[in-house]
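Chains, contacts and geometry: an overview
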Amino acid sequence: MTHDSVQHRTCPLCEGMCGVTVTVEGGRAVTVRPNKQDRWSLGHICPKGTTLGALHHDPDRLRTPMIRDGNEWKSASWDFAFDRLETLVEGVRERHGPHAFAAYGGNMAGKDATLSRYSGLMLATSGIQQVYSSGTVDQHPKNLSAMLMFGNEWKIPIPDLDHTDLFVIFGGNPAASKGSIFSHRDVMGAMRDLRARGGRVIVIDPVRTQTARSADQWIGLKPGSDAAFMLGIAHVLFARDAVRLGHLDGLVDGLDRLREIVTGFSPQWVAHHCGIDAIVIENLADELIHTERSAIYGRIGTCTQTFGTLASWMIDVLAILTGNLDRQGGSMWSRPVAPLVDMLAKLPGDMPVVMGKSRVRGVPAVLGQFPASCMAEEIATPGAGQIKGLLTFAANPALSAPDSGKLDQALPLLECMVSLDNYLNETTRHAHVILPSPSFLESAHYDMWSWVFCLTSGGHYSPPVFPVTDRPDHWRVVARVGAIIGGKPSADIDAMDDGYFRALATGRGIDPAMAIAALPDRGPDRILDLAIRTGPFGDRFGLVAEGLTLDSFRDQPDGLIVAPAVPRAHEGFETASGKIDLTPALILSDLPRLERALVANDPSLVLVSRRHLRSLNSWMHNIDTLVKGKDRCTLQMHSIDAATYGLANGDLVALTSASGEIHVPLEIDDDIRPGVVSMPHGWGHSDPQTQIAIAQAHAGANTNILSPGMMVDVISGNAVLNGIPVQVCKADLQPRETIGAIA
Ligand SMILES: Nc1nc2c(c(=O)[nH]1)N[C@H]1C(S)=C(S)[C@@H](COP(=O)(O)OP(=O)(O)OC[C@H]3O[C@@H](n4cnc5c(=O)[nH]c(N)nc54)[C@H](O)[C@@H]3O)O[C@H]1N2
Ligand SMILES: Nc1nc2c(c(=O)[nH]1)N[C@H]1C(S)=C(S)[C@@H](COP(=O)(O)OP(=O)(O)OC[C@H]3O[C@@H](n4cnc5c(=O)[nH]c(N)nc54)[C@H](O)[C@@H]3O)O[C@H]1N2
Ligand code: SF4
Ligand SMILES: [Mo]
């Protein structure tokens, strides 16, 4: 029984990193409120953060391993669950060999304290070579452009909103998302502050979102046209002789080549493809030229679209051409106190950016990953190399991945599926074994991902509110899963952890024996301590006086702010030349495809995605306070289109794409570009085999049945979830039930 207490910690759910105060009475988290003393968030919070107690106490949250026999689920002891997994794995290894396993990691893997630090060890030990993740349904194009331009896939420039004069957002809606690959305590508040000090905000999005409504200007371009739009801006910058590299002069390769390229992309030429007047592009170019400091930012709308890599690349190109990269008020790189991501996830130098070919579709793995949409066909297509065993962790691809209808049909074909997840949901219901993580209130937390995207260097360590004693340490569970899949079920987990830790220490230039002697306690906190000590502000194990260690954070329940961002270009780049590559050959190879699109005919109706403040991808719909009220899973459409298709507000409509059909209620909304319709993702909870009662009662429809798996941003392999051609009609004219994927 936990004593009554009031504890200060960080909400782990998104990049806002809000400090919260959790009040515990009688063993229950009775309230979760904003912590005004939190040094980072200063009392900021959103409705999701207040549900951390509800999440912990959710009766549907799994507390023990679950085993499936046919359609029947049973709670099991940890030993029993591991035995079952061992038997299933052995069977697959015997019948199909060690390479019949694949893995799919999801968004919450970065938030789960243990998975965020141990999935690397788990995957390495498992020997799994086919790795998929929600990364290719999200930011993979940005990883690719950062890798090729700056030599590191996580060296992603972040807008310095607090010091800029002009904030330009392409395809992001922080009013709902709270910011992404951009950690800020309050993006909307900072936008208000910017406008109050005379600056401007421009939002470029096919939908006039709440963010766009809070801006000075909304540019409602056509989905997928950002790259052409930005090439048009670059064309004007060169034509006006206004390119200024500033302090990056001499650190950038490819300027002449870029000048040649953009000659072919005049605003007049690209305007039709963008669906706006050429003057809008020229005006924005002029504004960038005449504004002292501008911060250009692109998010999901620029990544999960047809030209994701070209658009992601051009965002940073424009920052460079206007002298706004790596300077205050422009876009800058962070200096995380604990560079865990770099330490754990950095691509080894000798791994090519593009390698191999997928068995069925023949596409390469980019930055070590095949497109998420390949997984269904790799499971379903017989032949040597077919996936027979699958490990999913903190992922719900049956709702979140493209062509999810096809995936839902493929998952039952697996001979062994193990899921590390806290719910029996649309994905994990196909598993044979589910192994839950502790809840967020049962785990220690340190935001290893969000600080990476934050222009303030700081940290906040939150010890568990409800320490767990009745289950094995989660890091041991994760390591053991890797060992079992790797055919070494009796591996010594302690030795594995020490070996892993030694390798991480060596990679950070630290004598591993000394590091182990200094930090003998195994587990995720030891890895965090290593990251802090070897980070930019660390003590390097006693070498730097006053340097930080994990202990520096332990007695700071309101977190610690360490330093603001500073320019970093002089530190050099990990590219072959040591300079920024403005024109990577792989990225340029996609320009002919864009040139063809400039003259192609448009589909009459395309679908884009949207987010809502009270939702988090697919998995927080089981919290009553977040889902009650008006149905949010609607198709939004402009009244002009509604009139064209003879539809009225509230009609149930059948929405069809090349991959499937769903039925969804219509919501007429004139804050959307005619010809574009929008739906939220992560819904479609009607499957009776799941154990998420509240979500089932607010089921909605799964938009990713409509995302064709073959639609990818060609060079990164990232899913195209925006700009999907669809047809719509009143559902009662076509009385079919929601159907799965049409092959
Ligand atoms: N159409 C469309 N589709 C999209 C998007 C879109 O904009 N439009 N966005 C895409 C993006 S950006 C992303 S990131 C993906 C997200 O896609 P996923 O990562 O596949 O899906 P999530 O809904 O985040 O699912 C998180 C899973 O983690 C589990 N979970 C929650 N907490 C924990 C924990 O502490 N430990 C463990 N082990 N499990 C936990 C949940 O039960 C759930 O199964 O969706 C993508 N899909
Ligand atoms: N409340 C809440 N917060 C979240 C999440 C959530 O599900 N709910 N998910 C988290 C995750 S995993 C992520 S990755 C982030 C995402 O963070 P954001 O990118 O800020 O999220 P979205 O609200 O999806 O905004 C994408 C915008 O792109 C627009 N768009 C669509 N197509 C195009 C296009 O071709 N060009 C342009 N310029 N715009 C386009 C859409 O209309 C939409 O407004 O949010 C995170 N935060
Ligand atoms: S904004 Fe993000 S971090 Fe803050 S309370 Fe909401 S979900 Fe949690
Ligand atoms: Mo995401």
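Only a predicted model underlies this, so the values are computations on that prediction, with no experimental measurement involved. (Residues numbered from 1 in each chain as written. Chains lettered and ligands numbered in written order. Predicted model: local features only at pLDDT ≥ 70, side-chain atom pairs only at ≥ 80, totals over all residues. Heavy atoms only, no water.)

**What to know about the overall build of the protein**
Cut-off, in case you're wondering: Think of it this way: any DSSP run of H or I at least four residues long counts as a helix, any run of E at least two long counts as a strand, and we number them from the N terminus. When we talk radius of gyration, it's over C-alpha atoms, and the globule rule is simply 2.2 Å times the number of residues to the 0.38. Residue exposure (1.4 Å probe, protein chains only): buried if accessible area is under 20% of the type maximum, exposed if over 50%, otherwise partly exposed. All accessible areas in this document rest on Shrake-Rupley with a 1.4 Å probe, and a residue is counted as covered only by the protein chains that are shown.
Helix and strand content of the protein: 27 helices and 31 strands. A globule of 743 residues ought to have a C-alpha radius of gyration of about 27 Å, and the protein, at 25 Å, matches this closely. With the C-alpha coordinates aligned to their principal axes, the bounding extent of the protein is approximately 70 × 65 × 55 Å. Expressed as a percentage of its 743 residues, the buried residues of the protein come to 63%. Of the roughly 26500 Å² of accessible surface on the protein, a fraction of 52% belongs to carbon and sulfur atoms.

**Describing the packing of aromatic side chains**
Quick reminder of the rule: Pairing of aromatic rings covers Phe, Tyr and Trp, the last through its six-membered ring, and needs centres within 6.5 Å; plane angles under 30 degrees mean stacked, over 60 mean edge-to-face, and all others mean tilted.
The full count for this structure, using the stated rule, is 17 aromatic pairs. Taking 5.7 Å as the distance between ring centres and 50° as the angle between the ring planes, the aromatic pair formed by Tyr118 and Tyr500 counts as tilted. Of this pair, Tyr118 sits in helix α3 (residues 113-126) while Tyr500 is found in helix α19 (residues 493-507), placing the two residues 382 residues apart along the sequence. Exposure remark for Tyr118: the relative accessible area of 0% places this residue in the buried category. Given a relative accessible area of 12%, Tyr500 falls into the buried group. Look at Trp333 and Phe573: their rings are 5.7 Å apart centre to centre, the planes differ by 65°, and that puts the pair in the edge-to-face class.

**A few points about the UniProt feature "domain: 4Fe-4S Mo/W bis-MGD-type" (unreviewed entry) in the protein**
To keep it simple, the criterion reads: UniProt positions are given in the numbering used here, feature names are shortened, and annotations may be inferred rather than shown by experiment.
Using the residue numbers shown here, the UniProt feature "domain: 4Fe-4S Mo/W bis-MGD-type" (unreviewed entry) corresponds to residues 4-60. For residues 4-60, helix accounts for 11% and strand for 35%, while the C-alpha atoms at its two ends are 24 Å apart.

**Some details on the site of ligand 3**
Applicable threshold: Residue proximity to a molecule or strand is established when one non-hydrogen atom of the residue lies within 4 Å of it. Put simply, Ala, Val, Leu, Ile, Met, Phe, Trp, Tyr, Cys and Pro go in the nonpolar bin, Asp, Glu, Lys and Arg in the charged bin, and everything else, Gly too, in the polar bin.
All residues adjacent to ligand 3 are Cys11, Leu13, Cys14, Gly16, Met17, Cys18, Ile45, Cys46, Lys48, Gly49 and Lys178. Class assignment of the residues belonging to the shell around ligand 3 gives a composition of seven nonpolar, two polar and two charged.

**Some words on the site of ligand 2**
To keep it simple, the criterion reads: Polar contacts, as used here, are pairs of N or O atoms within 3.5 Å; protein pairs need one atom able to donate a hydrogen and one able to accept it. Residues neighboring in sequence count only if both atoms are side-chain atoms. All the domain ranges listed were derived from an automatic or database domain assignment.
Taken together, 32 residues form the shell around ligand 2, and within it Ser177, Asp205, Gly224, Asp226 and Ser615 come nearest. Between ligand 2 and Gly171, the relevant distance is 3.2 Å, taken from a nitrogen atom to a main-chain nitrogen or oxygen of the residue. In this structure, Leu613 approaches ligand 2 through a main-chain N or O atom, which is 3.4 Å from a nitrogen atom. Starting from 910 Å² of accessible surface for ligand 2 in isolation, the protein chains cover 96%. Listed by contribution, the elements that provide at least two residues to the shell around ligand 2 are α5 (174-177), α12 (300-303) and β23 (606-610). Per-class residue counts for the shell around ligand 2 are eleven nonpolar, 15 polar and six charged. Both domain 3 (140-328 + 578-593) and domain 4 (603-730) contribute no fewer than three residues apiece to the shell around ligand 2.

**Here's the deal with the sheet that holds strand β13 (residues 294-298)**
What counts, and what does not: Note on pairing: DSSP must find at least two bridges between two strands before they are called paired. Axes here refer to lines fitted to C-alpha atoms; in helices the fit is confined to the stretch in contact. Angles between the N-to-C directions go from 0 to 180 degrees. For this analysis, residues touch if any pair of their heavy atoms sits within 4.5 Å.
What the four strands build is an open sheet, ordered β11-β10-β9-β13; its pairing is parallel. Here the strands that pair on one side only, and so sit at the sheet edges, are β11 (217-219) and β13. Ignoring which end each strand starts from, the neighbouring axes of this sheet average 15° apart. Here strand β9 (residues 166-170) runs beside β13; their pairing, made up of five bridges, is parallel. When the sheet's bridge partners are listed, Ile169 is paired in β13 with Tyr297. Against the sheet, helix α6 (residues 187-196) touches β9 and β10 (200-204), its axis set at about 140° to β9. This element, helix α8 (residues 226-239), spans β9, β10 and β11 of the sheet and lies at about 145° to β9.

**What about the nonpolar core?**
Rules: Residues belong to a common nonpolar core when they are buried Ala, Val, Leu, Ile, Met, Phe, Trp, Tyr or Cys residues joined through side-chain atoms within 4.5 Å.
Counting residues in hydrophobic clusters, the biggest one holds 181 residues, and the most contacted among them are Leu13, Phe167, Phe229, Trp313, Leu391 and Leu435. Setting aside residues no more than four positions away along its own chain, Leu435 makes contact with Pro65, Trp78, Ala81, Phe82, Val418, Ser419, Leu420, Asp421, Val477 and Val481. Within the second largest apolar cluster, 28 residues are counted, among which are Leu62, Met66, Ala410 and Leu721.

**Side note on the domain arrangement of the protein**
Reports often express the size of an interface as the amount of accessible area lost when the parts come together. Put simply, the rule reads: When two components associate, each loses some accessible surface as probed by a 1.4 Å sphere; the sum of these losses over both components is called the buried area. Think of a salt bridge as a Lys or Arg side-chain nitrogen and an Asp or Glu carboxyl oxygen that are within 4 Å of each other.
In terms of domain boundaries, the protein breaks down into domain 1 (5-57), domain 2 (76-128 + 341-563), domain 3 (140-328 + 578-593) and domain 4 (603-730). One C-alpha centre belongs to domain 3, the other to domain 4; they are set 27 Å apart. Contact residues are listed per partner, giving 31 residues for domain 3 and 20 residues for domain 4. Both faces considered, domain 3 and domain 4 share a buried interface measuring about 1900 Å² in area, 59% of it formed by carbon and sulfur atoms. In this assembly, domain 3 and domain 4 are joined by three salt bridges. Across the salt bridge formed by Arg208 and Asp671, the nearest N and O atoms sit 3.3 Å from each other. For the pair domain 3 and domain 4, the interface holds ten residue pairs in polar contact (both at pLDDT 80 or more). Going through the elements one at a time, α4 (140-150), α5, α12, α13 (308-321) and α23 (585-588) are the ones with two or more residues in the side of domain 3 that touches domain 4. Of the residues contributing to the side of domain 3 that touches domain 4, the split by class is 14 nonpolar, eleven polar and six charged.

**Some details on the packing of α3 against helix α18 (residues 474-485)**
How we decide: Roughly parallel refers to an angle under 35 degrees, roughly antiparallel to one over 145, roughly perpendicular to one between 65 and 115, and oblique to any angle outside these ranges. Handedness of a helix crossing follows the sense of rotation of the near helix relative to the far helix, less than a right angle counterclockwise being left-handed and clockwise being right-handed.
In contact at an axis separation of 7 Å, α3 and α18 are set at 20° when each is read in the N-to-C sense. With respect to each other, α3 and α18 are oriented roughly parallel. Both α3 and α18 take part in a crossing whose hand is right-handed. Of the residues in α18, those touching α3 at Thr114, Leu115, Tyr118, Leu121, Met122, Thr125 and Ser126 are His474, Trp475, Val478, Ala479, Val481, Gly482, Ala483 and Ile485. Partitioning the contact of α3 with α18 into residue classes produces ten nonpolar, five polar and no charged.

**So, the sheet that holds strand β3 (residues 28-34)**
With antiparallel pairing, the three strands of this open sheet are ordered in space as β1-β2-β3. Taken across any chain shown, the strands that pair with only one partner, and hence form the sheet edges, are β1 (5-10) and β3. Neighbour to neighbour, the strand axes of the sheet diverge by 25° on average, direction disregarded. Where strand β2 (residues 19-25) lies against β3, six bridges are found, and the strand directions are antiparallel. Within β3, the residue paired with Val24 across the bridge is Ala29.

**Here we look at α3**
In an α-helix, one turn spans 3.6 residues, which is why side chains three or four residues apart end up on the same side. For the record, the criterion: To estimate the expected span of a helix, subtract one from its residue number and multiply by 1.5 Å. Bending is quantified residue by residue as the angle between axes fitted to the seven-residue window ending at that residue and the seven-residue window starting at it.
With 14 residues, α3 extends 20 Å from end C-alpha to end C-alpha; this agrees with the ideal 20 Å at 1.5 Å per step. Ser119 marks where α3 bends most, by close to 45°. Among the 14 residues of α3, twelve are classified as buried, and the element is accordingly described as predominantly covered. Buried residues of α3: Ala113, Thr114, Leu115, Ser116, Arg117, Tyr118, Ser119, Leu121, Met122, Leu123, Thr125 and Ser126, and no others. One side-chain oxygen at the N-terminal end of α3 lies 3.0 Å from the backbone nitrogen of Thr114; it belongs to Asp112. Phi turns positive, to about 75°, at Gly127, one or two residues after α3.

**Quick look at the pattern of salt bridges**
With the rule as written, the count across this model stands at 36 salt bridges. Note that Glu415 is salt-bridged to Arg95, the shortest N-O span being 3.0 Å. Separated by 320 residues along the polypeptide, Glu415 in the loop between α17 (404-410) and β18 (416-420) and Arg95 in helix α2 (residues 78-96) bring together distant segments of the chain. With a relative accessible area of 24%, Glu415 lands in the partly exposed category. A residue is classified by how much of its surface remains accessible, and Arg95, at 53% relative accessible area, is exposed. Asp602 serves as the salt-bridge partner of Lys222, at 2.4 Å between the closest nitrogen and oxygen. Here Lys222, found in the loop between β11 and α8, pairs with Asp602, found in the loop between α24 (591-598) and β23; they are 380 residues apart in sequence, far enough to count as distant. By sharing partners, the salt bridges in this structure join Asp473, Arg476, Asp494, Asp497, Asp498, Arg522 and Arg526 into a single network.

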